[in-house]
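Per-entry structural report
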Protein chains: 2
Amino acid sequence: MAKAPVLTPQAEDFPRWYQDLINKAELADNGPVRGTMVIRPYGYSLWERMQQELDARIKKAGARNAYFPLFIPQSYLTREAEHVEGFAPELAMVTHGGGKELEEPVVVRPTSETIINEYFSKWVQSYRDLPLLINQWANVVRWEMRPRVFLRTTEFLWQEGHTAHATDEEARDFAAYIHREVYADFMVDVLGIDVVLGRKTPAERFAGAVNTLTLEAMMRDGKALQMGTSHELGTNFAKAFHTSYLSREGRRELVRQTSWGSSTRMVGGLIMAHGDDHGLRVPPRLAPVQAVVLAVKEDEAVLAEVRSLGERLRAAGIRTEVDDRTDTPFGRRAVDWELKGVPVRIEIGPRDLADGTAMLARRVPGGKEPVAIGALPRLLPALLEEDQAALVRESRSRRESATSEVTTEREAVAAAVAGGWARIPWSALGPAGEARLAEHGVSVRCLVAEDGSVPDADDEPGTVALVARAY
Amino acid sequence: MAKAPVLTPQAEDFPRWYQDLINKAELADNGPVRGTMVIRPYGYSLWERMQQELDARIKKAGARNAYFPLFIPQSYLTREAEHVEGFAPELAMVTHGGGKELEEPVVVRPTSETIINEYFSKWVQSYRDLPLLINQWANVVRWEMRPRVFLRTTEFLWQEGHTAHATDEEARDFAAYIHREVYADFMVDVLGIDVVLGRKTPAERFAGAVNTLTLEAMMRDGKALQMGTSHELGTNFAKAFHTSYLSREGRRELVRQTSWGSSTRMVGGLIMAHGDDHGLRVPPRLAPVQAVVLAVKEDEAVLAEVRSLGERLRAAGIRTEVDDRTDTPFGRRAVDWELKGVPVRIEIGPRDLADGTAMLARRVPGGKEPVAIGALPRLLPALLEEDQAALVRESRSRRESATSEVTTEREAVAAAVAGGWARIPWSALGPAGEARLAEHGVSVRCLVAEDGSVPDADDEPGTVALVARAY
């Protein structure tokens, strides 16, 4: 097309492309209070599908949903020293309620470890009450100085899981299960993003954790995005909140805990991992709308066919929308669905109908071709799975080709600054080298074992550090 | 049973029965900040089922989910005079964020009409953008002086719908559609509560509405509970936020709006509408667990049968849980499932198994009888529907028998104080009489037309006022 592009091209200005896309695809607006966001219906429908898929996996892991209060007494946060140090600078404080100044200011939850432990310590009495596996879907607030929609917002939506176990081993296994079987399974199989699973360095751990497992994704500009984390908390919160149980042997023992979270930040990750200069590309398994059937113009037979095909596609199990808004120019509607990244667009006009065909436009491979209308309900499921597989393949090959194996700190910085990832032996970098990376806006995203697995300790021989710029 | 009752009997102390039940059935705990609550997994699973059922109906009505920020600039609230007057005494204010005092304090949303209108005024340009139908699932905060779990809490969970239409008639029809086809349909058909649909008097309207439609339910102590409301907002917020559109004729017109909400308060309504001295009774269509299969004792064949029956019931579409925790005494587990109100309990012990039978205990009609195990998957769906119907029938007949037709204010007060509802001609009471009712802790719950329908105006001839004490 010779027309001016709808979006700033990625190669020209990636951050501006991101903001353009969020506006034009009607995903979100900035909120009136600095750093907050309004998630518009289409953006929210992406989040709803993420919730559905994650919630099913979380329930399969044995966790049950619950809800803890938004407001936490300030004193709770100070009980775990590292935790309060990590979160104090980001807190929002409520000082007045019901027209009066409060006796003790309350904190708007930045995360819920403290308030949840207060209740775990009441609910857990004996080994019979363990493991206790809880998840909550909630909003949290972390005052954000450099906000960016979906990626860093003062308020965001997330799920946070919190568990208590009898032994360190059980807690460690559960954190690892969430990391791999819940988060990685969802991100690779549904989001189509080939995330790297690793272990955070001590410097990058969650405030209060003894170990943080992470999933890191490469965006199309080569930067990294942390997509979710799963923490082993050891006995840090159990000590602070006296969360203990009577063992089978009659001894009082502290519980061993985990917490793990994933948020609306994943919507930002989805955009930047798959989006191109024409807009978003939503992986079919995630897509709230997998196929849209468009009436090219006002025509009774066309409208009837479009609606009937919509029904038949829905009956075939395809999430389908019908676009019969013929008072809006066809070209504008087609560009809009492309922007929104709907995997399959089916366009039917009077001439197509006369031929018994529709134009089939696929968002992932691109291009358009005529297809017999009657064949579509049978054809589409396989095409959607093809597109799903193509996205994850593309994600993997982009990451692989943009990742360099290096041996020196200098090379690692150079690779990251040039817009790629670097793999460097952790022994060649170490905590001192890690600290120096910050001067270049570069960080260790995670540690991985030589064979690609997640190391069991920070100092395992052969551990590799993944170095990159990050959102 | 000769044992001490698990709960304070309803007849002895209804509020204490309510609190006992919430504790013993592990529905919720009080939160640390006054008026907040912790919704425990079983309580939350009731709310999740309510969300699923309502969300499907809301989507069918054409509304799409979105998410607006928790924090609202204080100045927004003051733009609609009645609205700010209504909510000012209940606001929680954030004055500090990120370690600094904020330039303008922000309000924690008590409801979202103001912030949503700010965005509607950007999104709505022409008649083509109408109707705009939005819903959000969110937490809201209203500082509560006399909190009671689920019924009046400082923070609660709800859905709030917000719509903009071209004409008064469309807005009125939509508010009525939500009232009847979304809320009443859900409350009667799923919750099994025979709610009364009516119109609020001007004194009881939502702050900023021109009309409020309500659904009122009778609790088992004869008091009323407002289960949900649907408001016509006219142009009140549109004027304050300049939410206007260009009509087909090229004129700039204010939009006509509605808003509507239902909350975790419905969990309290569910408890008090159906619960008895043995615990909760959950209507089968709502029940997160419709049937529980219990192993009476540790026995290999019993455990195998219990698990296999669990699978077969699930395959028959029944939400089933298996209770094989044989290290907890059977009696305690049976009482616990009764407390939790699970509609059907199936108990299998070695002797039952030898006979090929199970003991079937139904929560709604009560009692226990032996049934052939093989027959259960086929039998249960019909029994569950029977129990569902019985609950709504009971709810209707309780309300009918506890409602008196009266003609004087004095009789209305007497009926309400005695623990029932009174129907009195609105012309015999009027706003002055309504104001006097408050001295007796009694209120007009709603106005209904003579034929039971919802009146189109406050002064329609033949309008009847429903008078009661309320939660």
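See the structure printed just above.
For the structure given in this document, a descriptive report is provided here. Please read these numbers as outputs of a predicted model, since none were measured by experiment.

1. Observations concerning helix 6 (residues 168-189) of chain A
Residues and elements named next belong to chain A. Here helix 6 contains 22 residues, and its C-alpha end-to-end distance of 30 Å stays within 8% of the 32 Å for a straight helix at 1.5 Å per residue. The sharpest bend along helix 6 measures roughly 30° and falls at Y183. Buried within helix 6 are the following residues: A171, F174, A175, I178, H179, V182, Y183, A184, F186 and M187.

2. Examining the nonpolar core
Ranked by size, the top nonpolar core spans 67 residues in total, and within it F150(B), L191(B) and I271(B) carry the most contacts. With 8 residues, helix 6 (residues 168-189) of chain B is the largest single contributor of residues to this core. Split by domain, the residues of this core number at least three in each of domain 1 (14-274) and domain 2 (291-379) of chain B. Look past the residues within four positions of I271(B) in its chain and what remains in contact with it is W17(B), Y18(B), L21(B), I22(B), L27(B), F150(B) and L280(B). Core analysis: the next-biggest nonpolar cluster, separate from the first, contains 66 residues, Y18(A), A175(A), F186(A) and L286(A) among them.

3. Considering the sheet that holds strand 16 (residues 320-323) of chain B
Residue and element names in this part refer to chain B. Strand order in the open sheet made by the 5 strands is 16-15-17-18-19, with mixed pairing throughout. The outermost strands of the open sheet, each flanked by one partner alone, are strand 16 and strand 19 (368-372). Across the sheet, the axes of successive neighbouring strands diverge by a mean angle of 25°, strand direction being ignored. Relative to strand 16, strand 15 (residues 291-295) runs parallel, the two being bridged by 4 bridges. Looking across to strand 16, one finds that V293 is bridged to V322. Of the strands in this sheet, strand 15, strand 16 and strand 17 (344-348) are in contact with helix 10 (residues 330-339), which crosses strand 15 at around 175°. Packing of helix 12 (residues 376-401) onto the sheet brings it into contact with strand 15, strand 17, strand 18 (357-362) and strand 19, and relative to strand 18 it is tilted by some 10°.

4. Some details on the pattern of salt bridges
All told, the structure shown has 68 salt bridges over all chains when counted by the stated rule. The partner of E216(A) in a salt bridge is K200(A), with the nearest N and O atoms 2.9 Å apart. Here E216(A) is found in strand 10 (residues 211-218), whereas its partner K200(A) is found in the loop between strand 9 (196-199) and strand 10, with 16 residues between them in sequence. Notably, a salt bridge pairs E409(B) with R436(B), separated by 2.7 Å at the nearest N-O pair. Of this pair, E409(B) sits in helix 13 (residues 409-417) while R436(B) sits in helix 14 (residues 426-437), and the two are 27 residues apart along the sequence. Using a relative accessible area of 21% as the deciding quantity, one classes E409(B) as partly exposed.

5. What about the relation of the copies chain A and chain B?
Structural alignment of chain A on chain B gives an RMSD of 0.0 Å, achieved by rotating through 180° and translating 0.0 Å along the axis. Taken together, these values place the two copies in the relation of a two-fold axis. Of every C-alpha in chain A, the one belonging to V94(A) sits nearest the axis of rotation, 2.1 Å from it. Comparing interface residues between copies, 100% of those in chain A also sit at the interface in chain B, which points to an isologous, same-surface contact.

6. Here's the deal with the interface of chain A and chain B
The interface is formed by 55 residues belonging to chain A together with 55 residues belonging to chain B. Contact between chain A and chain B buries roughly 4,400 Å² in total, counting both sides, with carbon and sulfur atoms accounting for 62%. Counting across the interface, chain A meets chain B through 4 salt bridges. The salt bridge involving E48(B) is made with K59(A); its shortest N-O contact spans 3.1 Å. Counting every contact that joins chain A to chain B gives 24 residue pairs in polar contact (both at pLDDT 80 or more).

Cut-offs used in this document
Residues numbered from 1 in each chain as written. Chains lettered and ligands numbered in written order. Predicted model: local features only at pLDDT ≥ 70, side-chain atom pairs only at ≥ 80, totals over all residues. Heavy atoms only, no water. Helix = DSSP H or I, 4+ residues; strand = E, 2+ residues; numbered from the N terminus. Expected span 1.5 Å × (residues − 1). Bend = angle between axes of the 7 residues up to and from the residue. Buried < 20%, exposed > 50% of the residue type's maximum accessible area, 1.4 Å probe, protein only. Core = buried A, V, L, I, M, F, W, Y, C linked by side-chain atoms within 4.5 Å. Domains from an automatic or database assignment. Contact = heavy atoms within 4.5 Å. Pairing = 2+ DSSP bridges. Axes fitted to C-alpha atoms, helices over the stretch in contact; angles between N-to-C directions. Salt bridge = Lys/Arg side-chain N within 4 Å of Asp/Glu carboxyl O. Least-squares fit on C-alpha atoms with pLDDT ≥ 70 in both. Buried area = accessible area lost by both parts, 1.4 Å probe. Polar contact = N/O pair within 3.5 Å; in protein donor to acceptor, adjacent residues only side chain to side chain.

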